[in-house]
Every structure is written in C-alpha cells, then in structure tokens.
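So you can see what is in the structure, the chains are spelled out below.
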Amino acid sequence: MSISSPLILADGVSKKFGANQVLTRVTLEVLERDVVCVVGPSGSGKTTLLRCLALLEEPSEGRVVMEGVPISTPSPSKQVKAAARDVRSEIGMVFQHFNLWPHMSVLQNLIEAPMRVKKMPRDQAVAIAEGLLNKVDLSDKRDAYPARLSGGQQQRVAIARALAMNPKVLLFDEATSALDPELRREVLAVMRQLAREGMTMLVVTHEMGFARHVGTRTVFMDRGEIVEAAPGSAFFDAPQTERARRFLQQFEDE
Amino acid sequence: MFKYQFRWDTVWGSFDFLMGGLQMTLIISAITLVLAMLGGLIIALLDMSRFRILRWIGISIGEVVRNTPILVQLLWVYYVLPIVFGVRIEALVALIIGLALYQASFISEVYRSGIQSVPKGHREAAQVLGLTPFQSFNRIVLPQAIRMTLPPLASNFVQLIKFSSLGAVISVSEITRRGMELSATNFRPLETFTFIAVVYFFICWPLAMAIRFWERRLQAR
Ligand SMILES: Nc1ncnc2c1ncn2[C@@H]1O[C@H](COP(=O)(O)OP(=O)(O)OP(=O)(O)O)[C@@H](O)[C@H]1O
Ligand SMILES: [Mg+2]
C-alpha cells in the first residue's frame, strides 16, 4: 500500500443490468479528507456507482480498490472476497430512505453492528453511541423507536449508526431527498460538520449549495459516465460541457 | 316458523358431554397448529433450497395439498397411509396429521410473505455495516417477519377450529362428532346442531375480530 493510493477508488467500473448498461468505465478516486460530491440527472447511475463502492453491487467490469487493495471485481477471487470482508465496515453508507431497523430503539440501532461485528463490549458500544447521539443532537431520543422520529431525526440516527463503526469513508445517497425542506437543513448541518472534522465523504446529492460550498470536488455524471470533474466550486462557476451547463440551468433560481 | 316445540333441555342435559367435545376440538386445533408451524417451516425451507430436487418436493407438496379437498386428504391419511406403512393409526392421529399437512402448505406461504415484508434496504444497511448474512437474517429480518406472521398464524388457528369438525367423519370425538352422536339418540338435530353452530361462532368470531384489529395495527406501524 503506497502513501499516494487513494482511500477508495472506482477503477474503470462498468455495470450492466441485463442489457441495460448503467455505468460505463467510471474511474473516480476519493482521497483522505476529500468531500466528493456527485451530481447528475436522474437515472445517470449515481446510486449504482455508490452501491458498487459500498459492495452492494458487483461491477460487470473494472474494480473497486481500497487503499491499494482490490475489494470488488467481476466474479471475485477468494482473495478479493477476503479483502472485502476485512474492510466491509470501514465503508459506511447513508441511504435515501434511512433504512433504520424499526424493531430496535435508536440506541439498539447504534450498538448492533459494533457489538456483533466488532465484538465490542456493550458498555463501550453504548458509550460510543451516546457520544454520537449527542453529536447529532438526539440524546433525548436514545430509547425512542424510529417510527416516532421525524424524517430528519431518522436520517441523523442513520448517520450516527454509520459513524458507530468508525468508517474511513462515508457514502451518502441523496440523504436529504426524502425530506421536507425544513428537515433537510438539520441533516445538511450534520454533514457539513462531518466534512469540517475531516471525514472522507462521497456525497450523491441534488443540493447544489452543499456541493459548491462544502465539497472539495464535484463530479458530474450523465448516462453512466463521468462527464466532468472539477475541484471545489469551479464546476459551478465554469462548467466545461454543454450537458453540464444544461443540467445546472435547472438549479439557477435556487 | 312451523309449529315446533323446542326442547333445549335435551341439549343442556348433555352440556358436559358437548363441552368435553369442545375441549377436544381446541386441543386438536392447538396441537395441529404447532405441527403445522413446523411443517410450514420445512416446506418453506424446501421451497427456498439450493437443490432443485428439494425445491421440487416442497413445491409439489404445496400444490397437491392446495388442489385436493381437505376431506379427501383426511380420508386418504386415515385409510391409505396405514396400508402403505402397514400400521394402524388412530383416527385422532390421522386427523392431526392430515390437518397439519394441509395448514402447513398455507403457513409456508405465510412465512415467505413475512420475510418478504421486510424491506430490502434493512438488509442492505446491515450488510454495509458488516453483519453477516446469518446475523442480518437473525437480528433484522426474522424479528420483523415474526411480527408479521403472528396474525395470520392466529387466523390459521381459527380455521383449524372449524376444519377439525371434519374429524367427525372418521369418528374423532370432537364437538361436532359428539353432536352427531347426541342427535342420533335424542332425535333433536335442530337444537343440537344449532347449539353447536353457536358455540363455534362465539369462539371463532371474537378471535377473527381481534386478529383483524391486530393486523390493522401492524399495518399502521
Ligand atoms: N437493480 C437494478 N436492476 C435493473 N436496472 C437497474 C437497477 N438499479 C438501477 N437500474 C437502472 O440503472 C439506471 C441508473 O439508476 P441509478 O439509480 O443508479 O440512477 P441515479 O443517478 O441514482 O438516479 P436518481 O437521481 O433518480 O436516483 C436506471 O435506468 C435504473 O433503471
Ligand atoms: Mg439515485
């Protein structure tokens, strides 16, 4: 593992569902402390790319590499599978629809993986969970069940649940899209806070403000390809392609 | 109604006899439900097996059981199984086996839909956090699926209370059979069978209502 290898890398990843080519040789690297924002029209393959990186989908071509070690390839070898098992919980993911476990309280949602996967003693897992709940400002909801929480609160719990495994990188798939505008702000605030603390993040979003002001790099995808990538707000100030300009036009009045 | 002299006393006189039959009915239903839950699990596992032959067996059992009359199945278990295996089986045992097999084929579907009711995203969240497929099934899917299957299982119990009356045909001494015996001696089928119908109704109806309420609460979750 060399110093310069990216934290996580999609290396020429293609994905087909049957005859439907959803990703075409996508190469994207995320360095430590990067906040890479992925934007693009609906159906452009953003979710699929994230799911490949989260090891929820197997690429049809190419590979996913974490700190220089391949962790996902088409028909993976034993070695790749073992590597994937080792780093599995170092890649966290936050879903559009939260996916909290409804039969468990907030605290149980947070301590489940640390206790089962890391074999952490309960006291320690609870202490970590309480710290994280404090961080996302939900200490008073410790024993509540997800159904009793607002969407914004549920998403903050989901973020805390992902953080409880102390991941090296967090993937966000439109974490605010299912929320009312007022509730988005509280989730975005947590994400901004994480970025400030140096969390490595790959964020699929329709929040252009977040991408422009918080992202270190913006990647524009269309029809399964990365069309443009530019640091910071450069993508927004000077989009290079017609497709990107047309895409950005929809957000002009925001 | 035509002039009919009701003689309810003929029923009251045999109240204990009939209630003994009711007790039998409930015991049969309870035992059968437990067996059918186990059988349903086996059929569900066969259906989901990696091996084609096992899947084929599971699916065949389900199809045969669902597409033949339950009464014929009971008669078959009672009269044919002993010939095949060369052992005599009690009518009561035949009834329980037959009913359990019948209900198991439905309960396997209940399990399947219970598991399918758990959103895929819940499992994916577990997978991303590093839980093994077994942990994910055990800790995330199963507890939620069980909650969804409890009301349908209770409905199965209600069905069993009614279906167990078929035991009368092979002379299992549950409440319907005892009603038949009673009416053959008191010559009062109207009172006897009306009473029995009322007993069934006031057991099954409240249960069915409670289950419907329970299901609605689960759906509103
Ligand atoms: N499991 C699947 N099976 C078949 N096709 C799929 C599957 N998942 C995604 N697709 C297809 O892949 C394409 C890209 O989907 P994807 O969800 O990655 O897009 P997206 O950029 O996330 O879109 P959105 O902004 O609407 O979330 C779509 O045409 C979709 O229908
Ligand atoms: Mg998407």
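Above this text sits the structure in question.
Keep in mind the model is a prediction, meaning the values are calculated, not measured.

What to know about the sheet that holds strand β2 (residues 20–30) of chain A
Either a parallel or an antiparallel arrangement is found when strands of a sheet pair, and the pairing is made through backbone hydrogen bonds.
Residues and elements named next belong to chain A.
So, point 1. Strand order across the open sheet formed by four strands is β2-β1-β4-β5, with antiparallel pairing between neighbours. Single-partner strands in this sheet number two, and they are β2 and β5 (69–72). Adjacent strand axes in the sheet meet at a mean angle of 30 degrees when their direction is disregarded.
So, point 2. Relative to β5, strand β4 (residues 61–66) is paired through three bridges, and the arrangement is antiparallel.

Here's the deal with helix α2 (residues 78–87) of chain A
All names here are of chain A.
So, point 1. Burial in α2 covers these residues: Val80, Ala83, Ala84 and Val87. Relative to the axis of α2, the buried residues are bounded by an arc of 100 degrees and lie together on one face. Exposed residues lying more than 90 degrees from the buried face of α2 are Lys78, Arg85 and Asp86.
So, point 2. Residues of α2 that are buried sit in contact with β4, β5 and β6 (91–94).

As for the pattern of salt bridges
In a structure, side chains of opposite charge can pair up when their charged atoms sit close to one another.
So, point 1. Here the structure, examined in full by the defined rule, presents 25 salt bridges over all chains.
So, point 2. Salt-bridge contacts for A:Glu112 lead to A:Arg116; the nearest nitrogen and oxygen are separated by 3.2 Å. A residue pair is termed a helical-turn pair when its members lie 3 or 4 positions apart in one helix, as A:Glu112 and A:Arg116 do in helix α3 (residues 106–117) at four residues.
So, point 3. For A:Arg116, a relative accessible area of 29% corresponds to the partly exposed category.
So, point 4. Across the pair A:Arg184 and A:Glu207 runs a salt bridge whose closest N-O atoms are separated by 3.7 Å. Here the residue A:Arg184 occupies a position in helix α6 (residues 181–196), and A:Glu207 occupies one in the loop between β8 (200–204) and α7 (208–213), the gap between them amounting to 23 residues.
So, point 5. Look at A:Arg184 and you get partly exposed, because its relative accessible area is 25%.
So, point 6. Residues joined in a network through salt bridges with shared partners are A:Lys15, A:Arg51, A:Glu57, B:Lys120 and B:Glu124.

Things to note about the interface of chain B and chain A
So, point 1. Contact residues are listed per partner, giving 18 residues for chain B and 24 residues for chain A.
So, point 2. Between chain B and chain A lies a buried interface of about 1,800 Å² when both sides are counted; carbon and sulfur atoms form 63% of it.
So, point 3. Among the residues chain B hides against chain A, the three largest losses belong to B:Val128, B:Leu129 and B:Arg139. Together they make up 38% of the total.
So, point 4. Linking chain B to chain A there are two salt bridges.
So, point 5. Measuring nitrogen to oxygen at the nearest pair gives 2.7 Å for the salt bridge that ties B:Arg139 to A:Glu112.
So, point 6. Our count for the chain B to chain A interface comes out at seven residue pairs in polar contact (both at pLDDT 80 or more).
So, point 7. Elements that contribute at least two residues to the side of chain B that touches chain A include exactly α6 (120–129) and α7 (133–163) of chain B.
So, point 8. Take the side of chain B that touches chain A: its biggest share by element is nine residues, from α6(B).

Some remarks on the sheet that holds β8(A)
All names here are of chain A.
So, point 1. Taken together, the six strands give an open sheet; going across it, the order is β6-β7-β8-β3-β9-β10, and neighbouring strands pair in mixed fashion. Pairing within the sheet leaves two strands with one partner each, and these edge strands are β6 and β10 (225–231). Direction aside, neighbouring strands of the sheet carry axes that sit 15 degrees apart on average.
So, point 2. As paired elements, β6 and strand β7 (residues 169–173) share four bridges and run parallel to each other. Bridge assignment links Ile91 to a residue of β7, and that residue is Val169.

Describing the site of ligand 1
Residue and element names in this part refer to chain A.
So, point 1. By nearness alone, every residue bordering ligand 1 is listed as Phe17, Asn20, Val22, Pro41, Ser42, Gly43, Ser44, Gly45, Lys46, Thr47, Thr48 and Glu174.
So, point 2. In the model, an oxygen atom of ligand 1 is placed 2.8 Å from a nitrogen or oxygen of the Gly43 main chain.
So, point 3. Within the complex, the protein chains bury 60% of what would otherwise be the 630 Å² of accessible surface of ligand 1.
So, point 4. Going through the elements one at a time, β2 and α1 (46–53) are the ones with two or more residues in the shell around ligand 1.
So, point 5. By residue number, the principal contributor to the shell around ligand 1 is α1, which donates three residues.
So, point 6. Looking at the shell around ligand 1, its residues break down into three nonpolar, seven polar and two charged.

Brief notes about the nonpolar core
So, point 1. Formed by 52 residues in total, the largest nonpolar core has its most connected members in A:Ile159, A:Leu170, A:Phe172, A:Met191, A:Leu194, A:Met201 and A:Phe210.
So, point 2. Excluding residues within four positions of it along the chain, A:Met191 makes contact with A:Ile159, A:Phe172, A:Ala175, A:Met201, A:Val203 and A:Phe210.
So, point 3. One finds A:Ala10, A:Val64, A:Met165 and B:Leu131 within the second-largest nonpolar core, a separate group that totals 43 residues.

A few points about a nonpolar patch on the surface
Residues and elements named next belong to chain B.
So, point 1. Together, Ile27, Ile31, Val34, Leu35 and Leu38 give the surface a local cluster of nonpolar side chains, amounting to about 420 Å² of exposed area.
So, point 2. On the secondary structure map, Val34 appears in helix α2 (residues 15–47).
So, point 3. Take Val34: its relative accessible area is 48%, and that puts it in the partly exposed class.

Structural notes on the pairing of strand β3 (residues 35–39) of chain A
All names here are of chain A.
So, point 1. Most of β3 is tucked away: five of the five residues are buried.
So, point 2. Where burial is concerned, the two faces of β3 agree: the one with Val35, Cys37 and Val39 and the one with Val36 and Val38 are both buried.
So, point 3. Bridge count for β3 against strand β9 (residues 217–222) is four bridges, and the pairing is parallel. The residue bridging Val39 from the neighbouring strand is Phe220, located in β9.

Reading guide: rules and limits
- Residues numbered from 1 in each chain as written.
- Chains lettered and ligands numbered in written order.
- Predicted model: local features only at pLDDT ≥ 70, side-chain atom pairs only at ≥ 80, totals over all residues.
- Heavy atoms only, no water.
- Pairing = 2+ DSSP bridges.
- Helix = DSSP H or I, 4+ residues; strand = E, 2+ residues; numbered from the N terminus.
- Axes fitted to C-alpha atoms, helices over the stretch in contact; angles between N-to-C directions.
- Buried < 20%, exposed > 50% of the residue type's maximum accessible area, 1.4 Å probe, protein only.
- Arc of directions from axis to C-beta.
- Contact = heavy atoms within 4.5 Å.
- Salt bridge = Lys/Arg side-chain N within 4 Å of Asp/Glu carboxyl O.
- Buried area = accessible area lost by both parts, 1.4 Å probe.
- Polar contact = N/O pair within 3.5 Å; in protein donor to acceptor, adjacent residues only side chain to side chain.
- Near = heavy atom within 4 Å.
- Areas by Shrake-Rupley, 256 points an atom, 1.4 Å probe, with all protein chains shown as cover.
- Nonpolar A, V, L, I, M, F, W, Y, C, P; charged D, E, K, R; others polar.
- Core = buried A, V, L, I, M, F, W, Y, C linked by side-chain atoms within 4.5 Å.
- Patch = residues over 30% accessible without salt bridge, like charges linked within 9 Å, V, L, I, M, F, W, Y side chains within 5 Å.

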